[in-house]
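A look at the structure
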Amino acid sequence: MAKRVAVIGAGSSGLTSIKCCLDEGLEPVCFESSDDIGGLWNFKAQPEADRCSIYRSVIVNTSKEMMCYSDFPMPDHFPNFVNNSTIMQYFRLYAEHFSLLKHIHFQTTVRSVRQRPDFSNSGQWEVVTVDRGGREETHVFDGVLVCAGHYTQPIKPLSDFSGIDTFPGTIIHSWEYKDPDPYLGKRVVVVGIGNSGGDIAVDLSRACEKTFLSTRKGAWVIGRVVDRGLPLDMIMMTRARDLFYWLLPRALLNLIWERTLNQRHDHKLYGLQPVHRILDQRVVINDDLPGRILLGELVMKPNVQKFQGSTVVFDDGTVEEKIDAVILCTGYDYRFPFLPTSLSSGSDGDLKLYRRIFPPSLERPTLAILGLIQTKGPIMPAAELQARWATRVIAGLNHLPPAEKMDKTIEKHVQANLKSYPWPKVAALQVDHIPYLDAIAKEVGVCPNIAWLLLRDPAVGFRVFFGPCSPYQFRLNGPGHWSGARQAILTQWDRVAKPMKTRPIPEPSSFSLFFWLGLSGGAALIFALMAIQYFL
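Predicted, not measured: the structure shown is a model, and the values here were computed from it.

**Quick look at the sheet that holds strand β17 (residues 319-320)**
On the basis of which strands lie adjacent, the open sheet formed by three strands has the order β15-β16-β17 and antiparallel pairing. Each end of this open sheet is capped by a strand with a single partner; those strands are β15 (304-308) and β17. When strand β16 (residues 311-314) meets β17, the two strands line up antiparallel, connected through two bridges. Among the inter-strand pairings, V313 is bridged to a residue of β17, identified as V319.

**Digging into the pairing of strand β10 (residues 187-191)**
Within β10, five of the five residues are buried, leaving the element largely enclosed by the surrounding structure. Here β10 shows no split at all, with R187, V189 and V191 on one side and V188 and V190 on the other all buried. Sheet topology places β10 next to strand β11 (residues 210-214); five bridges connect them, and they run parallel. Paired with R187 across the bridge in β11 is K210. A crossover links β10 with its parallel partner β11, the connecting element being helix α5 (residues 195-205), and its sense is right-handed. Relative to strand β18 (residues 325-328), β10 is paired through four bridges, and the arrangement is parallel. Bridging across to β18, V190 finds its partner in I327.

**Things to note about the domain arrangement of the protein**
Split by domain assignment, the protein resolves into domain 1 (4-151 + 334-495) and domain 2 (154-331). Using only C-alpha atoms to locate each centre, domain 1 and domain 2 end up separated by 29 Å. Contact with domain 1, which involves 46 residues of that partner, is made by 27 residues of domain 2. At the junction of domain 1 with domain 2, the criterion picks out two salt bridges. In this structure, R56 engages D179 in a salt bridge whose closest nitrogen and oxygen atoms are separated by 3.6 Å. Scanning the region where domain 1 abuts domain 2 turns up 20 residue pairs in polar contact (both at pLDDT 80 or more). Elements with a minimum of two residues in the side of domain 1 that touches domain 2: α2 (64-67), β23 (374-375), α13 (433-444) and α15 (458-466).

**Some details on helix α8 (residues 250-264)**
Spanning 15 residues, α8 covers 22 Å between terminal C-alpha atoms, matching the ideal 21 Å at 1.5 Å per step. Along α8, the positions that sit buried rather than exposed are L253, N254, W257, E258 and L261. Around the axis of α8, the buried residues are gathered within 125 degrees of arc, so they sit on the same side. α8 presents A251, R259 and Q263 as exposed residues on the side facing more than 90 degrees away from its buried surface. Where the residues of α8 are buried, they touch β12 (221-222), α6 (232-236) and α7 (239-247).

**Quick word on the packing of helix α1 (residues 12-23) against helix α10 (residues 379-394)**
With their axes 9 Å apart at the nearest point, α1 and α10 run at an angle of 35 degrees to one another. Of the two elements, α1 crosses α10, and the hand of that crossing is right-handed. Residue-level inspection shows S12, S13, T16, S17, C20 and C21 of α1 in contact with α10, the latter providing M380, A383, E384, A387, R388 and T391. In terms of residue class, the contact of α1 with α10 is made up of five nonpolar, five polar and two charged.

What counts and what doesn't
- Residues numbered from 1 in each chain as written.
- Predicted model: local features only at pLDDT ≥ 70, side-chain atom pairs only at ≥ 80, totals over all residues.
- Heavy atoms only, no water.
- Pairing = 2+ DSSP bridges.
- Helix = DSSP H or I, 4+ residues; strand = E, 2+ residues; numbered from the N terminus.
- Buried < 20%, exposed > 50% of the residue type's maximum accessible area, 1.4 Å probe, protein only.
- Right-handed = clockwise from strand over helix to strand, strands pointing away.
- Domains from an automatic or database assignment.
- Contact = heavy atoms within 4.5 Å.
- Salt bridge = Lys/Arg side-chain N within 4 Å of Asp/Glu carboxyl O.
- Polar contact = N/O pair within 3.5 Å; in protein donor to acceptor, adjacent residues only side chain to side chain.
- Expected span 1.5 Å × (residues − 1).
- Arc of directions from axis to C-beta.
- Axes fitted to C-alpha atoms, helices over the stretch in contact; angles between N-to-C directions.
- Left-handed = near helix turned anticlockwise from the far one by under 90°.
- Nonpolar A, V, L, I, M, F, W, Y, C, P; charged D, E, K, R; others polar.

Printed below as a string of structure tokens:
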């Protein structure tokens, strides 16, 4: 009889977890508290407690070729950077193609996940759920995959702002923000300059009388596209570039990158200059932020010092009056109240996780938490690899090291990140994109062998090493091998070009090309002769 696995959540991590269970001969049963798949990307006009929430204008920061599932490329006509409705289309195509929907119980909430009395022998879990009619049910599972997301608990540090109780306007968190319509013609302060803060400030600046973006530390800002208008991640996230960066001193890399970004827009001039170096923390990806500042529709401000009624005083002593609303883009915490408290460590509810997946404290590795990471690349390919590994561990095909070794690995990882992220709970979430993918892929047995590829299949090997580290690389061989992976790698740039080929551009005729080459060559020769004659 196949082992039964509970999958909690039907978002991007949950969907691929269902498929990975099926790939490994497991029986998945997915519990989704909402009425649809998609998780974070399932836009709702009203936010729902303990669920992720997005604003209407959100666009992904990673391109379709880099964020897709490894054995299911996004359709070639999809734009390179998709909005929430388009990614929902992709999820539905994926779910239909692999027949995943029949394994999902919608409007069913998980109340508790507890180890059974014989857990040390069986590794089984008791899962209590409540369905849409309020009926409670207890299930027994051989494994649990937690895919509930971690942008569910908005942090609202109201106590940090003196006089906030005197402010007569509205104060919300970005979790509650949906669109700029309620703020038409108003004066709004946005607090926090992460990706959400930048997006929301730009969104508001097109509707508000004036929008102020307050930041304590500043940020390095880069657009989604780089040279020749190509997707940023496809150019920057390559194995060759990673190796090159590893060989160069970090200080030199910081200098090169900061100079490059300042050539596009001087961060000091635009009021964006951060206190940290560019490689120490994640950059803000935003195509429009500098332009809105240049137009004066968006004004950069330092940290908010205090409120005096509708007047906001900033740390530099400047004052802005008649403020109508404040939107806090101050991040999120995460919690999984249905899990045993024994899995948490410390008062902040942190979860110690080996490779950001497995709690080392468990006697049997039959529970995994997926997608609980922060990376400078797309999360979906990482979550998919996590699911591939976790399902193989639950199936007994892979094994974890001793708990003591896992604890040491976790501590080493956190300590390495504390310099850039002083809060241990946040430091634990940070991973380096390509090294992390490769680490998990090696556990699964699907990490590409570059040297062997270059010898056996140079066309693919060259693209795997020098080209974008797209998810298809992890389907070339080993468990879960996909016969279409090679072709997907060879044609990935064709899918980048396809949605933009909406207007035929005539190629210059050979006669015209040779005419202009001849004309320019002749002009150069005449100029050279005149110069020689002049100097003689």
